[in-house]
Amino acid sequence: MRISMKAVLLLSSLIFVGVVFFFCTQASAQTSSGTLQGVISDPTNAVVSGASVEIHNPVSGYDRTVTTDGAGRFTISNVPFNPYHLTVSVKGFAPYTQDVDLRSIVPTSLNIGLKLSGSTETVTVEAGGADLLEADTTFHTDVDRNLFDKVPLENASSSLSSLVTLVTPGIAADSNGLFHGLGDHAENSFSVDGQPITDQQSKVFSNQIPVDSIQSLEVIDGAPPAEFGEKASVVINVTTRSGQGVTTPHGAFTTSYGSFGTASAGFNLAYGNDKWGNFISLNGLNSGRFLDPPESTVMHAKGNEENIFDRLDFQLSQANSLHLNLGFTRSWFQTPNTFDQQNATAWSGLVVDNGGLGPDGLPVGPADQRSQIRTFNIAPTWTHLLNSNTVLTLGAFVRHDQFNYYPSGNPFADLAPGLQQETLIQDRRLTNVGVRSDVSYVKGIHNLKAGATYQNTFLTEKDRFGIVDPTLNAVCFNADGSPNTDPTVTDPGQCGGPVNPGGSANPDFNSLLLPVDLTRGGGLFPFNAHTDIKLLSVYMQDAITTGPWTFNVGLRGDLYNGLVSHNEAEPRLGIAYNVKRTNTVFRASYARVLETPFNENLILSSTGCANPVLNPLLVCASNAVTPFTPGWRNEFHAGLQQAFGKYLVFSGEYVWKYTHNAYDFGVFGATPLTFPIEWHNSKIPAVAGRVSVPNFHGLTALFVFSSVNSRFFTPQIGGAGAVPSSIGAFRIDHDEKFNETTHLQYQIGKRGPWVGFNWRYDSGLVAGAVPFATDGTTPIDLTGLTADQQLQAGFFCGNVFPTLASALTSCAPSQFGSTRVSIPAPGTENDDHNPPRIASRNLFDMALGHDNLFHGDRYKWSLQGSIINLTNKTALYNFLSTFTGTHFVTPRSYSMQLGFHF
């Protein structure tokens, strides 16, 4: 249902924010982790100093140990929300164990009484596999850096995306750090220490937080609790590293070198005490394969990245604390070339034989398109402990992305047949400014949280376009019917005249495009736009635990005011039942979610069709604006968690999502500029699961899998190029029948060498414009693809393969095939039930290392070697995808990393 009482929601949120500001002179910390504190005493109630207190989660791998002070007190801060196994040990006393469940920012306080050594001990822990279970209503995956430090990652320049793809069920891998969560296109969001980040985080849009700064991840695939909204197919809840409580400075220097000249260097340092702490991380990367190229051979793919992350924590008083995240990242990278772009240009024979010179008389050369992204983030948070049950949090954030796209020095080098017909310059800026507040209350069976977030996202788009293909808007046709490419022919009156003998006028010639046709003396067309997107979100949720039952009840309201306005009430409901006798947890949940439009190039997509110059380039059906209506989704989840003994746990989920106004991406003309579009609806059923083997004599294992059916339905109803059409279903290019990742990790002892191994299987995403046979006899026309594109797809006709100099033109259905694309049998292609797909692939990665080569105590040296794609499998991520184009997976590559730790 939609909100009809906007004023009520607005008033309630203003009252809530007002209450927060009343307390803003108090103070705060992040909201994605909690604090465990307590006092340890002996049988006479005297405090015990020097006791070792350890908490451990066997599934996520999180482990932390502290020592009690002279007053017997201990504090473990920045602990990710999870159940933990607590152990207290000190000489002369019997070991003490207890299970502790941290689910709120409200500190958990313990009073622990130890018994003398040799006396009868009371153990307050669950037996068997109960340690492995979470009676949670939401399907999620927890991973601590103790685990992901040893996972071989394919992509150093987007290591966070690579990590999420490998350890999380329901994720379809795509190129350049892009991943698709449960069948949606990038409907993923990050929550970094409570700061919401819902804009795209792949490395062609923005810069990600470095993995080096992350302590743990909680990846939510299930129905999101009410505190999460907007893009919530997958929510990555990040807890960063902290220096608070680190009384002896700890840190590391690392450096690595590998294939493609990839070199990196990093430094991190954590230090502080009980009252303050600082964690700082600096990293740099330079690579000859920064982005995934469209060829198996790497050309024009250099890039570099530098980032700094700093987290400051201050415990101002027992009730007040301050937390501040600071970050800056700069990345610069080339757009990888195809052979068409690298070795030949339109001005050296593909379209116009002009001796390799452009219309301006200058040598064209290979394409040289580049990008630069600069990102900074400032996020302070204050927390005030109102009483032992209630915590108030107030936070603010400013995140800014500036994306610059630069064309080739000679704009005519940007022409690539079948790929790009325009040159492009872009300066796009996105600034997300917001305040957030929440109150957490924990007492008895209730864990209640209520909050509000107000965001302003300022969008600025400055684009310059120009036509570099003389055939795109030819004035005349030659006598043989081919487009006339003479740069001096600019008037239809010249057709058939001396400069165009026997020719005729092009009936589709658009005179409005002539001033922006660089092949005929035109210049660049400017598009400048700015808008402000406002979003107010309020929510309330309560996790109720009573006996074996857990209920999560919540309500969220989003008031979106951008180029269009929309309000939505979003109920959330989850239930879980823990069958302790069998170590089984059954769960079911429902969520209604408002999906806000993508902000990247949103203005161009919404208003471009009303511009007479951009209208034909965007292939618009009319000259009207094509605004987006925010989508809304109903999703249903049902799953279970089952522990088998103490060393294996399974968690699985069935998902059904129905979305009104479902988002995807389109392309401006034939340029690298992409923009959001909107389809009528989508239906996505999915199955996802995870099997975890906690540390078993040094062996750790993780197996994740999913099968997702991503069905989208016409017509396109929003965004540039919106064309009314009949109702029909199709599989979008992030639909994948099955994928899985198996990660195995073995370490000899606690300090010995270790080995990590990945096996990733992908059945293949839906491919782009692949030719196929409509019946068993009609020859397949292959002239729509260049020879280079045919080579990329691995096409063949019988025993004949294309070469760069000779393309296939047609092929009998019985002879046509591909080594890299799965093409439906003749007469069986169906956009919904049997579309062309990327061929399935198996990829294997391995890492070997030793974290303490010389068995040092205070100072340690580490060495790690990684091999990505062990078998050197040549495979595609995608082929002519509407959004991402064509990209190859990483070939076999090697890297070595040396570290010094203190």
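Residues numbered from 1 in each chain as written. Predicted model: local features only at pLDDT ≥ 70, side-chain atom pairs only at ≥ 80, totals over all residues. Heavy atoms only, no water.

Draft legend 1. Main features of the overall build of the chain. For the chain, the helix and strand inventory stands at 7 helices and 48 strands. Taken over C-alpha atoms, the radius of gyration comes to 29 Å for the chain, in line with the 29 Å a tight globule of 902 residues would show. Seen through its principal axes, the chain has C-alpha atoms that stretch 110 × 60 × 50 Å. When each of the 902 residues of the chain is scored for burial, the buried share is 58%. Taking as baseline every contact in the chain between residues at least 6 positions apart, the subset at least 24 positions apart corresponds to 69%. Carbon together with sulfur atoms contributes 59% to the accessible area of the chain, which is approximately 33,900 Å² in total. Between the mean site of the 53 positive side-chain charges and the mean site of the 74 negative ones, the chain shows a separation of 8 Å. (Helix = DSSP H or I, 4+ residues; strand = E, 2+ residues; numbered from the N terminus. Rg over C-alpha atoms; globule rule 2.2 N^0.38 Å. Buried < 20%, exposed > 50% of the residue type's maximum accessible area, 1.4 Å probe, protein only. Contact = heavy atoms within 4.5 Å. Areas by Shrake-Rupley, 256 points an atom, 1.4 Å probe, with all protein chains shown as cover. Lys, Arg positive; Asp, Glu negative; His and termini not counted. Charge placed at Lys NZ, Arg CZ, Asp CG, Glu CD.)

Draft legend 2. Highlighting the pattern of salt bridges. Taken as a whole, this structure holds 31 salt bridges when the rule is applied. Measuring nitrogen to oxygen at the nearest pair gives 3.6 Å for the salt bridge that ties R370 to D368. Judged by relative accessible area, D368 falls into the partly exposed class, the value being 28%. Linked by salt bridges that have partners in common, R711, R731, D735, D832 and R837 make up one network. (Salt bridge = Lys/Arg side-chain N within 4 Å of Asp/Glu carboxyl O.)

Draft legend 3. Main features of unusual backbone geometry. In this model, T714 is joined to P715 through a cis peptide bond whose omega is 5 degrees. One non-glycine residue, H300, lies in the positive phi region at around 55 degrees. As for its placement among the helices and strands, H300 is situated in the loop between β17 (276-287) and β18 (303-315). On the accessibility criterion, H300 (17% relative accessible area) is buried. One non-glycine residue, N661, lies in the positive phi region at around 65 degrees. Its place among the elements puts N661 in strand β31 (residues 649-667). A residue is classified by how much of its surface remains accessible, and N661, at 9% relative accessible area, is buried.

Draft legend 4. Broad picture of the pairing of strand β6 (residues 96-102). Counting buried positions along β6 yields 5 of 7 residues, so the element is predominantly enclosed. Sheet topology note: the strand β5 (residues 82-89)/β6 ladder contains 7 bridges and is antiparallel. The residue of β6 that forms the bridge with L86 is Q98. Turn length for the β5-β6 hairpin, with the two strands adjacent in sequence and antiparallel, is 6 residues, and the turn residue G92 shows positive phi of about 95 degrees. (Pairing = 2+ DSSP bridges.)

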